[in-house]
Amino acid sequence: MQRRNFLKNSSAAAAGLLSTSLIASCKEETNAATTEAQAVKTIRPIAICTWDFKNATAKAWEVLAAGGSSLDAVHQGAMIEEADVTNQTVGVGGRPDRDGNVTLDACIMDKDGNCGAVLCMQNIASPVSVARKVMEDTPHVMLAGKGAEKFAYEKGFKKVKLLTEQSKQEWLEWKKTSKYKPIINIENHDTIGILAIDKNGDISGACTTSGMGYKYAGRVGDSPIIGAGLFVDNEIGAATATGVGEEVVRTVGSFLIVELMRQGKSPQEACEEGVKRIMAKNKGRNDFQIGFIAINKNGETGGYCIHPGFTYRTYTEEGHINNPSESFLKG
């Protein structure tokens, strides 16, 4: 071999060895830095829900603490309230429409953006469970009315009488009145929205309701509408709403809040902006309540409402916390 070629080949080999060494070193440093950053950003499991539904967050936390998924956590948390006959805003015992029929709405959404919903469904005690079946067992996102009910029976759900005696008597008293006016923070808190992050950092959400008390037959609010009553983006966070659903639908409220978090706002800032946009469309009007809650990928939470009185509950390894939400109209 000629000396020139030998030197050339030797130099190339040395450069290759040096380059490989440097690349390996850089990779090790990068991997170490990434591992360190991930350790700093370790997400603790958390469950958060609208209002003071402590049984819901307790059940969700039970699932999370056992290593379960955020989807199972929000599902089981919502089911607890749907089965509570003393809760007149969801499930069995919910307030009926003007015709005396209890119609239920619910939706659920997982970390991958899969979602399912049922609207205006009668005679089934757990609409969130049927919504999950829609998500997992059909090519659809939403089923409504008799179609949703028929699907539930096909999946093994039993027919249940939803109108309890208490809700029936209150409905009969309402029928005697000449004009019905919702009572802020009582009859308008018609929704449980629940969000969770599991040990893997994955986010899911669910929303369930019997709707506004004494609504027109067939009315559906924001609760089962993906993007309005609930939205989850596993890269960013999640949000859910409660209150007068018509106003949330007009701004696609939960989607808006998640997009605001994508732009860099904290969950609290995003919830505040969501409420402010609704109020901007209702200048001079304050006879209704809206409440938002949100959580981001780091497990930070926020909540905001129009009127004082809205609360949201969180559950972490440190236990339960009931958070009074800040309000647009200060009390």
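Let us look at the structure shown here. Since the structure is predicted, the reported quantities are computational estimates derived from the model, not experimental observations.

Comments concerning the pairing of strand S2 (residues 104-109)
Working step 1: Summarising burial for S2: 6 of the 6 residues are buried, a large majority.
Working step 2: Along S2, one buried face is formed by Leu104, Ala106 and Ile108 and the opposite face, lined by Asp105, Cys107 and Met109, is buried too.
Working step 3: Bridge count between S2 and strand S3 (residues 115-121): 5 bridges; the pairing is antiparallel. From the neighbouring strand, Ala106 faces S3, where its bridge partner is Val118.
Working step 4: Between the end of S2 and the start of S3, which pair antiparallel, lie 5 residues, with Gly113 showing a positive phi angle near 85 degrees.
Working step 5: Here S2 runs beside strand S6 (residues 203-209); their pairing, made up of 5 bridges, is antiparallel. Paired with Ala106 across the bridge in S6 is Thr208.

Considering the sheet that holds strand S7 (residues 230-233)
The strands that make up a sheet pair up through hydrogen bonds in the backbone, lying either parallel or antiparallel.
Working step 1: One open sheet holds the 5 strands; their spatial order is S7-S8-S9-S10-S13, and the pairing between them is mixed. This sheet does not close on itself; its edge strands, each paired only once, are S7 and strand S13 (326-327).
Working step 2: Pairing geometry for S7 and strand S8 (residues 237-243), over 4 bridges, is antiparallel. Its bridge partner lying in S8, Leu230 is registered against Thr240.
Working step 3: Here helix H8 (residues 253-262) sits on the sheet and contacts S7, S8 and strand S9 (290-296); the angle it forms with S8, its principal contact strand, is near 145 degrees.

Conventions used here
Residues numbered from 1 in each chain as written. Predicted model: local features only at pLDDT ≥ 70, side-chain atom pairs only at ≥ 80, totals over all residues. Heavy atoms only, no water. Buried < 20%, exposed > 50% of the residue type's maximum accessible area, 1.4 Å probe, protein only. Helix = DSSP H or I, 4+ residues; strand = E, 2+ residues; numbered from the N terminus. Pairing = 2+ DSSP bridges. Contact = heavy atoms within 4.5 Å. Axes fitted to C-alpha atoms, helices over the stretch in contact; angles between N-to-C directions.

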